[in-house]
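Chain and residue survey
Residue-level listing of the chains:
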Amino acid sequence: MKKVITYGTFDLLHTGHINILRRAKAMGDYLIVALSTDEFNALKNKKAYHSYENRKIILESIRYVDEVIPEETWGQKAQDVQKHDIDLFVMGDDWKGEFDFLSAHCDVVYLPRTIGISTTKIKKDLNKVNNG
Ligand code: C2G
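Report follows, based on the coordinates. (Residues numbered from 1 in each chain as written. Predicted model: local features only at pLDDT ≥ 70, side-chain atom pairs only at ≥ 80, totals over all residues. Heavy atoms only, no water.)

A word on the nonpolar core. F10, L21, V33, L59 and V90 are the most contacted members of the largest nonpolar core, which has 16 residues in total. The set of elements that each furnish at least two residues to this core consists of α1 (15-26), β2 (30-36), α3 (52-60) and β4 (88-92). Excluding residues that lie within four positions of it along the chain, V90 makes contacts with V4, I5, T6, Y7, I20, A24, M27, V109 and L111. With 14 residues, the next largest nonpolar core counts Y7, M91, F99 and L102 among its residues. (Core = buried A, V, L, I, M, F, W, Y, C linked by side-chain atoms within 4.5 Å. Buried < 20%, exposed > 50% of the residue type's maximum accessible area, 1.4 Å probe, protein only. Helix = DSSP H or I, 4+ residues; strand = E, 2+ residues; numbered from the N terminus. Contact = heavy atoms within 4.5 Å.)

What follows is the structure, encoded as structure tokens:
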């Protein structure tokens with residue numbers, strides 16, 4: 001069984017998230033998503049609208065996702081890859097090169113981001129609509 005892992009906040013779920021999850025799963029048999037906790041988001045200077053628990057419930061309902069684990073630190077990836085016997089690490093290419101060190105433990109692939117959508121854009125557009 002080829003195991004794949006990817007990391008992220010996945011807040012205000014959109015087609016960019018679904019596209020990366022679908023493509024990551026298509027590259028293996030089992031997809032683990034390491035979901036940023038609310039505390040880790042603070043380290044990323046991100047404030048998710050949905051709590052970790054709710055983002056986890058949403059992700060676990062997606063057909064491409066087999067397991068959700070917490071992402072609590074920047075440094076846990078190599079340990080995750082070994083602990084979960086991961087064959088392939090996948091991220092969007094906005095992260096290109098950032099995690100190449102993991103190639104000591106597994107394959108590393110960066111996939112093209114989905115253009116024109118992001119959680120930040122959703123928030124900005126909603127603010128415009130609501131505040132004129
Ligand atoms: N993504 C994408 N296309 C978009 C938006 C996001 O392919 N239009 C991808 C990102 O490249 C990432 C994943 O969706 O691979 C999750 O994106 P975020 O929730 O924004 O996650 P991020 O803040 O990039 O966290 O340790 C890694 C970090 O936790 C990654």
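It helps to recall that an α-helix has 3.6 residues per turn; residues three or four apart then point in one direction. Taking 1.5 Å per residue as the helical rise, helix α5 (residues 119-131) with its 13 residues ought to reach 18 Å, and the 18 Å between its terminal C-alpha atoms agrees with that figure. Immediately beyond the C-terminal end of α5, within one or two residues, lies G132, with a positive phi of roughly 75°. (Expected span 1.5 Å × (residues − 1).)

So, about the pattern of salt bridges. For the structure shown, the criterion picks out 7 salt bridges. E71 is paired through a salt bridge with K77; the nearest N and O atoms lie 3.4 Å apart. Each of K121, D125 and K128 takes part in a single network of salt bridges with overlapping partners. (Salt bridge = Lys/Arg side-chain N within 4 Å of Asp/Glu carboxyl O.)

Empty space within the largest pocket amounts to approximately 680 Å³. Surrounding the largest pocket, 33 residues form its lining, T9, H17, K46, D94 and R113 being those nearest its centre. Where the lining of the largest pocket is concerned, the elements lending two or more residues are β1 (3-8), α1, β4 and α5. Looking at the lining of the largest pocket, the element that brings in the most residues is α1, giving 4 residues. (1 Å grid on protein atoms, 1.4 Å probe; cavity = no way out; pocket = protein on both sides within 12 Å on 5 of 7 lines; lining within 4 Å. Points joined across faces, edges and corners; volume = space filled by probe spheres on them.)

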